[in-house]
Amino acid sequence: MQNNNEKTIDVLQELNQFVNDRIEGYKHASEATKNPAHKSFYNDLINESNQFSNQINRTISKYGGEKQESTTTKGKIFRGWMDVKSTVTGSDEEVIIESNLYGEEWAQKAYNDALDHKGELPENIVQMVEKQKQSSLAACEKLRQMKDTVD
């Protein structure tokens, strides 16, 4: 049976893989978009995600774990698929936004999965995860608004 520190480390390492996916996804989007406002938004999300990842990694280290700097296998496959798709369709803004929205929806699932362990995590970590989740929700909403304007 895991002790609370091990559980905290495991939950945060898994969550940080999704945050790292978020970073990589927005880097792809920033490079692919032709819209300067979208590029700025994606770069803001890269910076925000880097802050989230650093915050999570500092917490992991504090609890005696190894920093998590990798991404998920699913994220790698999805980014590869999006590269192929953009080669075929070009860098269509709607496709870029839809792929980012899909990624944010997966991030929400990752935050929810982490929060499923709420009772096993220290309160300050629960608060950090909830705050990051709210930022991801705000990004989802902004992406939906962007999608509506390019239709």
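Remember, predicted model here, so these are calculated numbers, not experimental data.

Q: Explain the overall build of the chain to me, please; I cannot follow it from the model alone.
A: Helix and strand content of the chain: five helices and zero strands. For the chain, the sequential pattern of α-helices and β-strands runs α-α-α-α-α. Each of the 151 residues in the chain was classed as buried or not, and the buried ones make up 43%. For the chain, the exposed surface amounts to about 8200 Å²; the carbon and sulfur share of it is 49%.

Q: So what exactly am I meant to see when it comes to the confidence of the model for the chain here?
A: Low pLDDT marks stretches whose predicted atomic positions should not be read closely. Of the residues in the chain, 83% have a pLDDT of 70 or more, and the chain-wide mean is 87. Between the elements of the chain, mean pLDDT differs from a low of 55, seen in helix H3 (residues 73–89), to a high of 97, seen in helix H2 (residues 36–62).

Q: Is there a simple way to explain the pattern of salt bridges in this structure?
A: When their charged atoms lie close together, side chains carrying opposite charge are able to pair. Enumeration over the complete set of coordinates arrives at seven salt bridges. We note a salt bridge from Glu98 to Lys147, for which the minimum N-O separation is 3.7 Å. Of the two residues, Glu98 sits in helix H4 (residues 93–115) while Lys147 sits in helix H5 (residues 123–150), which places them 49 residues apart along the sequence. A relative accessible area of 32% means that Glu98 is categorised as partly exposed. Through salt bridges with shared partners, a single network forms among Arg22, Glu48 and Glu104.

Q: I keep staring at H5 and nothing clicks. Help me out?
A: Helical geometry note: an α-helix holds 3.6 residues per turn, so side chains three or four residues apart project in the same direction. Here H5 spans 41 Å end to end across 28 residues, near enough to the 40 Å set by a 1.5 Å rise per residue. Inspection of H5 places Ile125, Val126, Met128, Val129, Gln132, Lys133, Ser136, Ala139, Cys140, Leu143 and Met146 among the buried residues, and these make up the whole buried set. On its buried face, H5 is in contact with helix H1 (4–32), H2 and H4.

Q: Whenever I open this one, the nonpolar core confuses me. Can you help?
A: Where a protein is soluble and globular, its nonpolar side chains tend to be buried together. Leu12, Leu15, Ile56, Tyr111, Ile125, Met128 and Val129 are the most contacted members of the largest nonpolar core, which totals 19 residues. Where this core is concerned, the elements lending two or more residues are H1, H2, H4 and H5. Residues within four places of Leu15 in sequence aside, it is in contact with Ile56, Ala110, Tyr111, Ala114 and Val129. With 15 residues, the next largest nonpolar core counts Ala29, Ile46, Ile96 and Leu143 among its residues.

Q: Would you explain the packing of H1 against H4 in this entry?
A: Working note: a packed helix pair is described by the angle between its axes plus the distance between those axes. Direction vectors running N to C along H1 and H4 enclose 170°, while the axes themselves pass 10 Å from each other. Classified by the angle between their axes, H1 and H4 sit roughly antiparallel to one another. Contact residues: H1 offers Val11, Leu15, Phe18, Val19, Arg22, Gly25, Tyr26, Ala29 and Ala32, while H4 offers Ile96, Asn100, Glu104, Trp106, Ala110, Tyr111 and Ala114. Looking at the contact of H1 with H4 residue by residue, the classes come out as 12 nonpolar, two polar and two charged.

Q: Can you walk me through H4 in this structure?
A: Along its 23 residues, H4 runs 33 Å from first to last C-alpha, staying within 8% of the 33 Å computed at 1.5 Å per residue. Looking at where H4 begins, the residue whose side-chain oxygen comes 3.1 Å from the main-chain nitrogen of Glu94 is Asp92.

The rules we used
- Residues numbered from 1 in each chain as written.
- Predicted model: local features only at pLDDT ≥ 70, side-chain atom pairs only at ≥ 80, totals over all residues.
- Heavy atoms only, no water.
- Helix = DSSP H or I, 4+ residues; strand = E, 2+ residues; numbered from the N terminus.
- Buried < 20%, exposed > 50% of the residue type's maximum accessible area, 1.4 Å probe, protein only.
- Areas by Shrake-Rupley, 256 points an atom, 1.4 Å probe, with all protein chains shown as cover.
- pLDDT = per-residue confidence, 0-100.
- Salt bridge = Lys/Arg side-chain N within 4 Å of Asp/Glu carboxyl O.
- Expected span 1.5 Å × (residues − 1).
- Contact = heavy atoms within 4.5 Å.
- Core = buried A, V, L, I, M, F, W, Y, C linked by side-chain atoms within 4.5 Å.
- Axes fitted to C-alpha atoms, helices over the stretch in contact; angles between N-to-C directions.
- Parallel < 35°, antiparallel > 145°, perpendicular 65-115°, else oblique.
- Nonpolar A, V, L, I, M, F, W, Y, C, P; charged D, E, K, R; others polar.
- Polar contact = N/O pair within 3.5 Å; in protein donor to acceptor, adjacent residues only side chain to side chain.

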